[in-house]
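# Structural characterization, general
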Amino acid sequence: MILKGKHIFILGATKFDGPDQSTSFNIARELSKKNFVYYIDYPITWKDYFSKKNSKLIQARKQYFSPFSDGIISDKVENLKIIISPPLISINFLPEGRVYRSILRINEFLIRKRMKMAIRKNKIKDFIYINSFNFHYPRIADSLKPSLSVYHCVDPMIIPYDMKHGIISEDELVLKSDLVICTSRMLYEEKKKQNSNTYFIPNAANIEHSSKALNENLSINHHLEGMVRPVIGYAGSIERRFNYELIREVIDANPDKSFVFAGPLMPEFVPDWFLKTPNLHYIGRLPFEDMPGLIKGFDIAIIPFKKDEVSRTIFPLKLFEYLGAGKPVIATDFNPDLEEFTHGMVSFCRDAPSFIKTIEEVLKTDNPHLKQARISVAKENTWEKRGEEIAELIFNTIKDKQS
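How each quantity is defined
Residues numbered from 1 in each chain as written. Predicted model: local features only at pLDDT ≥ 70, side-chain atom pairs only at ≥ 80, totals over all residues. Heavy atoms only, no water. Salt bridge = Lys/Arg side-chain N within 4 Å of Asp/Glu carboxyl O. Helix = DSSP H or I, 4+ residues; strand = E, 2+ residues; numbered from the N terminus. Buried < 20%, exposed > 50% of the residue type's maximum accessible area, 1.4 Å probe, protein only. Pairing = 2+ DSSP bridges. Right-handed = clockwise from strand over helix to strand, strands pointing away. Axes fitted to C-alpha atoms, helices over the stretch in contact; angles between N-to-C directions. Parallel < 35°, antiparallel > 145°, perpendicular 65-115°, else oblique. Contact = heavy atoms within 4.5 Å. Nonpolar A, V, L, I, M, F, W, Y, C, P; charged D, E, K, R; others polar. Core = buried A, V, L, I, M, F, W, Y, C linked by side-chain atoms within 4.5 Å.

## A word on the pattern of salt bridges
- This structure, assessed with the given rule, holds 24 salt bridges.
- For the salt bridge of Arg61 with Asp41, the shortest nitrogen-to-oxygen distance reads 2.9 Å. Taken together, the residues Arg61 in the loop between helix 3 (56-59) and strand 3 (72-74) and Asp41 in the loop between strand 2 (36-40) and helix 2 (46-51) connect sequence positions 20 residues apart. The pair formed by Arg61 and Asp41 is uniform in burial state, with each residue classed as buried.
- The partner of Glu172 in a salt bridge is Arg139, with the nearest N and O atoms 2.7 Å apart. Of this pair, Glu172 sits in helix 5 (residues 160-176) while Arg139 sits in the loop between strand 5 (128-132) and strand 6 (148-153), placing them 33 residues apart in sequence.

## Here's the deal with the pairing of strand 6
- Taken across its six residues, strand 6 has six buried, putting it largely inside the fold.
- Burial along strand 6 is two-sided: Leu148, Val150 and His152 and Ser149, Tyr151 and Cys153, pointing in opposite directions, are all buried.
- The pairing of strand 5 with strand 6 spans five bridges and is parallel. Along strand 6, the bridge assignment pairs Ile130 with Val150.
- By the bridge criterion, four bridges tie strand 6 to strand 7 (residues 179-182) in an arrangement that is parallel. Pairing of Val150 across the sheet is with Leu179, part of strand 7.
- Of the crossover connections in this fold, the one passing from strand 6 over helix 5 to the parallel strand 7 is right-handed.

## A look at the packing of helix 1 (residues 23-31) against helix 14 (residues 383-402)
- Contact pair helix 1 / helix 14: the axes reach a minimum separation of 9 Å and the direction vectors enclose 75 degrees. Of the possible angle classes, the one that applies to helix 1 and helix 14 is roughly perpendicular. Within the contact between the two elements, helix 1 uses Thr23, Asn26, Ile27, Glu30 and Leu31 and helix 14 uses Trp383, Glu384, Arg386, Gly387, Ile390 and Ala391.
- When the residues that make up the contact of helix 1 with helix 14 are grouped by side-chain class, the tally is five nonpolar, three polar and three charged.

## Observations regarding the sheet that holds strand 2
- With mixed pairing, the eight strands of this open sheet are ordered in space as 3-4-2-1-5-6-7-8. Each edge of the open sheet carries a strand with a single partner, namely strand 3 and strand 8 (198-200). Averaged over all pairs of adjacent strands, the angle between strand axes in this sheet comes to 25 degrees, irrespective of strand direction.
- In this structure, strand 1 (residues 7-11) lies alongside strand 2, joined through five bridges in parallel fashion. If you follow Leu11 over to strand 2, its bridge partner there is Ile40.
- Packed onto the sheet, helix 1 meets strand 1, strand 2, strand 4 (80-83), strand 5 and strand 6 and runs at close to 160 degrees relative to strand 2.
- Sheet strands touched by helix 5: strand 5, strand 6 and strand 7. Its angle to strand 6, the strand with the most contacts, is close to 135 degrees.

## Things to note about the environment of Tyr322
- By the element assignment, Tyr322 lies in helix 10 (residues 317-324).
- In contact with Tyr322, not counting residues within four places along its chain, are Gly233, Tyr234, Ala235, Ile295, Phe298, Ala301, Ile302, Ile303, Lys327 and Val329.

## Observations regarding the nonpolar core
- Membership of the largest hydrophobic core comes to 59 residues, with the highest contact counts inside it found for Phe261, Leu294, Phe298, Phe320 and Tyr322.
- When near neighbours in sequence (up to four residues on either side) are disregarded, Phe261 contacts Tyr234, Ile238, Phe242, Ile247, Ile251, Phe274, Leu280, His281, Tyr282, Ile283, Gly284 and Ile302.
- Core analysis: the second largest hydrophobic core is formed by 33 residues, Ile8, Ile27, Ile181 and Leu393 among them.

## What to know about unusual backbone geometry
- Cis rather than trans, the peptide bond between Arg229 and Pro230 has omega equal to 10 degrees.
- Residue Phe133 is not a glycine yet carries a positive backbone phi of 60 degrees.
- Along the chain, the position of Phe133 falls in the loop between strand 5 and strand 6.

Written out as structure tokens, the structure is:
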């Protein structure tokens, strides 16, 4: 059962050329291996345009904003096209209600118009539509009548900006989609109550990229030069998910070790002590291409998230990136789903004392056999595998719908 030769439109939750890996764009690339995929780039607003008009992001899109443009960019991947919509009206500041929903229809019309241009240009008679966590625009495909409408829920909704209108919009999407795919069991259980045709397919990782850390000739990232070893590191956003109390206790108990944090930092969530601790090194956001060299320099990789209802829904991409680089991983037990997919190759800790103890145990017992076992686990959780699972699920849903 292979999904092949289909036209698929994916409304993305991220920019196609953004600095970070995203579930939306990775799935688009995987589905394009056997299908014709049109990735609708996360739209910018006129507010974005005027505040960032000299940025690379705007300059790369500017020529496609014209009403005379079809907005289509060819990606490096065969059979994958990017659709750029014109700037949309900034409306999130409005209260929920009739005015907001009326202006939202204008924005949705502008996105839909670009889709229609691609449909006409390529003489598409039948297509699949996937809203990949861009719940801000719940009615894009309504009048286009796709053969299958899919909502891909990849994260909990926790940002106030998103929640203001997103709760209502996402509920609408879930209810009317032919298929809902969730990246965690908790999200699955939540959406299943609204739509019986809901399934759980977890996130994965770009193992091909992270495994570059295994190359003996690759240099360790220069930020780690001269650091006291062992180096215990984290790569990713530093924000509300962190268990800062646990991190502080772990770092204080290990003054002879270096703790490295790389990624965008949200200061409103980060306590003052975080950037003032002697053996904690915050090195900022690094380019995607620099990540293998950074991870190569870690002796242990960590995911120190706090345990709550939000984190219970998180299936972090970095987990399998660490494993794909052969690194030992220590995480808090924030999401029980992860144990099923890591086969004992990740240490999950309930509190700071167990985290501290596990660091010492891992440093004493790590060996080449365990390294290979971690790499094997990572290979079971690639975007290629997830793309195949999603493609099969879509294929079967279309088949059931037609029968």
